[in-house]
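Read off the chains here:
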Amino acid sequence: MSKRLYVGNLSEQTDEKSLKQVFSQLGNVEVVNILTNKGISRGFGFVEMSSEREALNAINTLNGSELNGQAIVVNEANPPGGRRDEGNSGGFGRARRRFAR
């Protein structure tokens, strides 16, 4: 089963080809996607590794390492469509009004 990783703090010089090359040294890379806005990197992207073992190895090896002059952040990506803690944020939404007297 493939595992999706978040890769942050990417420099503007980092492209999908170079990012794939770095992660390919640690396992089989299925998909690389750097997000852009009007053709300019937004500084983060996603890498999908073919197995959870390879993904964990990539996190342990690459998180905090330097790529094109930047210390990158590598961790497990949140599921698409929202955050893991969605609906239980403890903020000022409906839950707070429910306890008001």
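Below you will find a few notes about this structure. (Residues numbered from 1 in each chain as written. Predicted model: local features only at pLDDT ≥ 70, side-chain atom pairs only at ≥ 80, totals over all residues. Heavy atoms only, no water.)

Observations regarding the overall build of the protein
Then, number 1: Tallying secondary structure elements over the protein gives three helices and six strands in all.
Then, number 2: Reading the protein from its N end, one meets helices and strands in the order β-α-β-β-α-β-β-β-α.
Then, number 3: Burial analysis of the protein (101 residues in total) assigns 32% to the buried set.
Then, number 4: Within the protein, counting contacts between residues at least 6 apart in sequence, those at least 24 apart form 60% of the total.
Then, number 5: For the protein, the accessible surface area stands at approximately 7300 Å², while carbon and sulfur atoms represent 44% of it. (Helix = DSSP H or I, 4+ residues; strand = E, 2+ residues; numbered from the N terminus. Buried < 20%, exposed > 50% of the residue type's maximum accessible area, 1.4 Å probe, protein only. Contact = heavy atoms within 4.5 Å. Areas by Shrake-Rupley, 256 points an atom, 1.4 Å probe, with all protein chains shown as cover.)

Focus: the pattern of salt bridges
Then, number 1: Per the stated rule, a full pass over the model turns up one salt bridge.
Then, number 2: E76 is the salt-bridge partner of K3, the closest N and O atoms lying 3.2 Å from each other. Of this pair, K3 sits in strand 1 (residues 3-8) while E76 sits in strand 6 (residues 73-76), placing them 73 residues apart in sequence.
Then, number 3: Note on E76: relative accessible area 36%, which makes it partly exposed. (Salt bridge = Lys/Arg side-chain N within 4 Å of Asp/Glu carboxyl O.)

Some details on helix 2 (residues 52-62)
Then, number 1: Among the residues of helix 2, E54, A55, A58, I59 and L62 are the ones counted as buried. Summarising the axial view, the buried residues of helix 2 lie within an arc of 140°, below the 170-degree limit, and thus occupy one face. Away from its buried face, by an angle of more than 90 degrees, helix 2 presents the exposed residues R53 and N60.
Then, number 2: Its buried side turned inward, helix 2 meets strand 1, helix 1 (16-24), strand 3 (40-49) and strand 6. (Arc of directions from axis to C-beta.)

Describing the pairing of strand 1
Then, number 1: Looking at chain direction, strand 1 and strand 3 are connected through six bridges and run antiparallel. Across the sheet, residue G8 finds its bridge partner in strand 3, namely F44.
Then, number 2: When strand 1 meets strand 6, the two strands line up antiparallel, connected through four bridges. Each bridged residue has a counterpart across the sheet, and for G8 the counterpart in strand 6 is V73. (Pairing = 2+ DSSP bridges.)

Digging into the side chain of S41
Then, number 1: Looking at where S41 falls in the secondary structure, it is placed in strand 3.
Then, number 2: Accessibility expressed as a relative area gives 19% for S41, which makes it buried.
Then, number 3: There is a polar contact of 3.0 Å between the side chain of S41 and the backbone nitrogen of G43. (Polar contact = N/O pair within 3.5 Å; in protein donor to acceptor, adjacent residues only side chain to side chain.)

Things to note about the packing of aromatic side chains
Then, number 1: For the structure on display, the rule yields three aromatic pairs.
Then, number 2: With centroids separated by 6.3 Å and ring planes inclined at 90°, the aromatic side chains of F44 and F46 adopt a geometry described as edge-to-face.
Then, number 3: These aromatic residues form a ring-pair network of at least three members: Y6, F44 and F46.
Then, number 4: Directly above the ring of F46 sits R4, whose terminal nitrogen or CZ lies 4.0 Å from the centroid. (Phe/Tyr/Trp six-rings, centres within 6.5 Å; stacked < 30°, edge-to-face > 60°. Lys NZ or Arg CZ within 6 Å of the ring centre and 35° of its normal.)

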